[in-house]
Amino acid sequence: NAGVMQNPRHLVRRRGQEARLRCSPMKGHSHVYWYRQLPEEGLKFMVYLQKENIIDESGMPKERFSAEFPKEGPSILRIQQVVRGDSAAYFCASSPVPVAKNIQYFGAGTRLSVL
Amino acid sequence: SQQGEEDPQALSIQEGENATMNCSYKTSINNLQWYRQNSGRGLVHLILIRSNEREKHSGRLRVTLDTSKKSSSLLITASRAADTASYFCAGGSNGSGNTGKLIFGQGTTLQVKP
């Protein structure tokens, strides 16, 4: 049973370009969470999705960021017109059920560098 | 706002010694979880303690939870060089709209010297 797969592991973009980060949850998991980690900081929640639905996007910046989790395929975190402040590690986690008492399984992350 | 605050921010010990990390949180939780992150890697779940539990053990790990003080501690006994990593506490909220999101502390960086 493969773990949570994220790709790419490293992504370099110039200011103004778009970044697309992919996350395939563990088999059988239909709940996906995205977190962002700035250098020397803990992870901050961004968005929680179920298949085809955004459930909680309270941690997402209002502009330039979007997320989806289609019926088929991986979850995508999309950042438009990237700026240097978007440089961070982005982690995806999945869970079989959404309630807080459950463990989340994390991917290895995508490290985004904006030049 | 950040749920957890951890101390110390950095801890350096010799192999074989015990390491204790503390975490405080602000809001009500269903559970508190501890994760480890090796440099440049993802997070690995270590242990989960529920809000109605006071202490839990897993191998060389011991976690305590004091809901009256809104604090938790992680003890790693007989540390090894391979324990060198950052350790994060994360609270699962039981607030309205319980979506399962985790609120992380800023972490403790542990260095175990051989």
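(A) Expanded view of the overall build of chain B. Regarding its fold elements, chain B presents zero helices and 11 strands. The C-alpha radius of gyration of chain B comes to 14 Å, within 12% of the 13 Å expected for a compact globule of 114 residues. Judged by the C-alpha coordinates and their principal axes, chain B covers about 45 × 30 × 20 Å. Looking at chain B as a whole, 45% of its 114 residues qualify as buried. Just so you have it, chain B exposes about 5300 Å², and 44% of that area is on carbon and sulfur atoms.

(B) Inspection of unusual backbone geometry at higher detail. Cis peptide bonds are those with omega within 30 degrees of zero, and the linkage from A:N7 to A:P8 qualifies with -5 degrees. Its location among the elements puts A:P8 in the loop between β1 (5-7) and β2 (10-13). Here the residue pair B:D7 and B:P8 is connected by a cis peptide bond, since its omega of -5 degrees sits within 30 degrees of zero. Tracing the backbone through its elements, the reader meets B:P8 in the loop between β1 (4-7) and β2 (10-14). A positive phi angle, close to 75 degrees, is found at A:R64, a residue other than glycine.

(C) Spatial organisation of the side chain of A:R111. Residue placement: A:R111 occurs in strand β11 (residues 110-114). Looking at A:R111, its side chain comes within polar contact range of the main-chain oxygen of A:A108, at 3.1 Å. Dropping the residues within four chain positions of it, A:R111 is found in contact with A:R9, A:H10, A:L11, A:A88, A:A89, A:F91, B:Q37, B:G40 and B:R41.

(D) Summary view of the environment of B:T108. All names here are of chain B. Examined against the element boundaries, T108 turns out to sit in strand β11 (residues 108-113). With a relative accessible area of 0%, T108 lands in the buried category. Along the sequence, T108 and M21 sit 87 residues apart, while their C-alpha atoms lie 7.0 Å from each other. Dropping the residues within four chain positions of it, T108 is found in contact with E6, D7, P8, Q9, L11, M21, A85, S86 and Y87. At 2.6 Å, the side chain of T108 and the backbone oxygen of P8 are in polar contact.

(E) Fine view of the sheet that holds strand β8 (residues 75-79) of chain A. Residues and elements named next belong to chain A. Spatial ordering of the open sheet is given by β1-β3-β8-β7, a layout of four strands whose pairing is antiparallel. Each having just a single partner strand, β1 and β7 (65-68) make up the two edges of the open sheet. Across the sheet, the mean angle from the axis of one strand to that of its neighbour is 15 degrees, orientation sign disregarded. Relative to β8, strand β3 (residues 19-24) is paired through five bridges, and the arrangement is antiparallel. Across the sheet, residue R22 finds its bridge partner in β8, namely I76.

(F) Molecular detail of the environment of B:E5. The topology assignment puts B:E5 in strand β1. Linking B:E5 and B:E17, residues 12 residues apart in sequence, is a C-alpha distance of 24 Å.

(G) Summary view of the pairing of β8(A). Residues and elements named next belong to chain A. Most of β8 is tucked away: four of the five residues are buried. Bridging between β7 and β8 involves four bridges; their strand directions are antiparallel. Each bridged residue has a counterpart across the sheet, and for A67 the counterpart in β8 is L77. Hairpin connection, β7 to β8: the antiparallel pair is bridged by six residues, and G73 has positive phi, about 100 degrees.

(H) How the structure looks around the confidence of the model for chain B. Averaged over all residues, the pLDDT of chain B is 88; the fraction at 70 or higher stands at 90%. Model confidence for chain B, summarised as mean pLDDT per element, is weakest for β1(B) at 77 and strongest for strand β7 (residues 61-66) of chain B at 97.

(I) Molecular detail of the state of the cysteines. Residues and elements named next belong to chain A. Tallied over the full model, the rule gives two disulfides over all chains. C23 shares a disulfide with C92; S-S distance 1.8 Å. As the torsion about the S-S bond is roughly -50 degrees, the C23-C92 disulfide counts as left-handed. Of this pair, C23 sits in strand β3 while C92 sits in strand β9 (residues 88-95), and the two are 69 residues apart along the sequence. Here C23 and C92 have matching classes, each one buried.

Conventions adopted
- Residue positions are counted from 1 within each chain, in the order its sequence is given.
- By the order in which they are written, chains take letters starting at A while ligands take numbers starting at 1.
- For a predicted model such as this one, the threshold for reporting local features is a pLDDT of at least 70, and the threshold for listing and counting side-chain atom pairs is 80 or more; totals across whole chains, interfaces and linings nevertheless cover every residue.
- Side-chain metrics rest on all non-hydrogen atoms present in the structure, leaving aside hydrogens and water.
- Going along the chain from the N terminus, every DSSP run of H or I of four or more residues is numbered as a helix, and every run of E of two or more is numbered as a strand.
- Atoms considered for the radius of gyration are the C-alpha atoms alone. The globule rule reads 2.2 Å times the number of residues to the power 0.38.
- Think of it in three bands: with a 1.4 Å probe and only protein chains considered, a residue is buried below 20% of the maximum accessible area for its type, exposed above 50%, and partly exposed in between.
- To measure how exposed things are, a 1.4 Å probe is used in the Shrake-Rupley method; for residues, cover is taken only from the protein chains shown.
- We define a polar contact as two N or O atoms separated by no more than 3.5 Å, with the added condition that, inside protein, one atom must be a possible hydrogen donor and the other a possible acceptor, whereas residues neighbouring each other in sequence contribute only through side-chain atom pairs.
- We call two residues in contact whenever any of their non-hydrogen atoms come within 4.5 Å of each other.
- The criterion for strand pairing is that DSSP finds at least two bridges linking the strands in question.
- In this description, a line fitted to the C-alpha atoms serves as the axis of each element, helices being fitted only across the stretch in contact, and the angle between N-to-C directions of two axes falls anywhere from 0 to 180 degrees.
- Per residue, pLDDT captures the predictor's confidence, and it can take any value from 0 to 100.
- Working definition: a disulfide is two cysteine sulfur atoms within 2.5 Å of each other.

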